[in-house]
Amino acid sequence: MGMNSGNKGRFSEINVTPFVDVMLVLLVIFMITAPMMFNGISLTLPKTKQVNRLTLNNEHVILSIAPTGELFLGKEKLLMEELAQTLRERLSQTRNKTVYIRGHYSLKYGKVAKVMGRLKREGFGHLALVTEVE
């Protein structure tokens, strides 16, 4: 863009470089923090070879089982007795009808199987276990 001699050295363009820099920084921050916002509590998940790549988000219904056996839906602690009703309410609000189960690595298989069995008896047909990639 050449300078117009009638403007006496003034530019009429807006410098967007600082704006782009700020937007890129915000994008990086969002990309790093977004996966941590929806999982609820922090768990160490079992590691497996990658089968299906899954990106969980707020639209998914994620049930977490803590090392102590406590159940969480997001960060909300649930009792086994109220689990089915709460899951039905959450699933009615989403298009995805799968319940994703995140069980801590140190949990015994029987505890996870007990929760899955309870969900199956209550009529939840689509269950998926969440693991980390080795």
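All values derive from a computational prediction rather than experimental measurement.

A. Representation of the pairing of strand β5 (residues 99-103). Counting buried positions along β5 yields 5 of 5 residues, so the element is predominantly enclosed. Neither face of β5 is exposed, since V99, I101 and G103 on one face and Y100 and R102 on the opposite face are all buried. Relative to β5, strand β2 (residues 61-65) runs parallel, the two sharing 5 bridges. Within β5, the position partnered with I62 by the bridge is Y100. Strand direction decides the pairing type here: β5 and strand β6 (residues 127-129), joined by 3 bridges, are parallel. Bridge pairing links V99 to L127 in β6. Between the parallel elements β5 and β6, the chain passes through helix α3 (residues 109-121) in a crossover that is right-handed.

B. Structural context of the confidence of the model for the protein chain. Chain-level pLDDT for the protein chain is 80 on average; 77% of the residues reach the 70-or-more range. At the low end of the mean pLDDT range in the protein chain sits strand β1 (residues 47-48), at 66; at the high end sits strand β3 (residues 71-73), at 90.

C. Quick look at helix α2 (residues 80-92). Relative to the 18 Å expected for 13 residues at 1.5 Å per residue, α2 spans 19 Å between its end C-alpha atoms, a close match to the ideal helical length. Buried within α2 are the following residues: M80, L83, A84, T86, L87 and L91. Looking at the buried residues of α2, the elements they touch are β2, β3, β4 (76-78), β5 and α3.

D. Here's a closer look at the side chain of T98. Tracing the sequence through the fold places T98 in the loop between α2 and β5. Since its relative accessible area comes to 17%, T98 is described here as buried. In contact with T98, not counting residues within four places along its chain, are V61, L91, H126, L127 and A128.

E. Region of interest: the pairing of β2. Of all the 5 residues making up β2, 5 are buried; the element is thus mostly covered by neighbouring parts of the structure. The two faces of β2 match: V61, L63 and I65 on one face and I62 and S64 on the other face are all buried. Pairing analysis gives 3 bridges linking β2 to β3, with the strands arranged antiparallel. Residue I65 lies in a different strand from β3, and its bridge partner there is L71. Here β2 hands over to β3 after 5 residues, with G69 in that stretch at a positive phi of 95°.

F. Focus on the pattern of salt bridges. Applying the stated criterion across every chain yields a total of 4 salt bridges. Across the pair E70 and K77 runs a salt bridge whose closest N-O atoms are separated by 3.0 Å. Measuring nitrogen to oxygen at the nearest pair gives 3.5 Å for the salt bridge that ties E122 to R88. Of this pair, E122 sits in the loop between α3 and β6 while R88 sits in helix α2; the two residues are 34 residues apart in sequence, bridging distant segments of the chain. A relative accessible area of 32% means that E122 is categorised as partly exposed.

G. Representation of the sheet that holds β2. Strand order in the open sheet formed by 5 strands is β4-β3-β2-β5-β6, with mixed pairing between adjacent strands. Each end of this open sheet is capped by a strand with a single partner; those strands are β4 and β6. Neighbour to neighbour, the strand axes of the sheet diverge by 30° on average, direction disregarded. As judged from the 3 bridges shared by β3 and β4, these two strands associate in the antiparallel manner. The residue of β4 that forms the bridge with L73 is E76.

Definitions and cut-offs
- Residues numbered from 1 in each chain as written.
- Predicted model: local features only at pLDDT ≥ 70, side-chain atom pairs only at ≥ 80, totals over all residues.
- Heavy atoms only, no water.
- Buried < 20%, exposed > 50% of the residue type's maximum accessible area, 1.4 Å probe, protein only.
- Helix = DSSP H or I, 4+ residues; strand = E, 2+ residues; numbered from the N terminus.
- Pairing = 2+ DSSP bridges.
- Right-handed = clockwise from strand over helix to strand, strands pointing away.
- pLDDT = per-residue confidence, 0-100.
- Expected span 1.5 Å × (residues − 1).
- Contact = heavy atoms within 4.5 Å.
- Salt bridge = Lys/Arg side-chain N within 4 Å of Asp/Glu carboxyl O.
- Axes fitted to C-alpha atoms, helices over the stretch in contact; angles between N-to-C directions.

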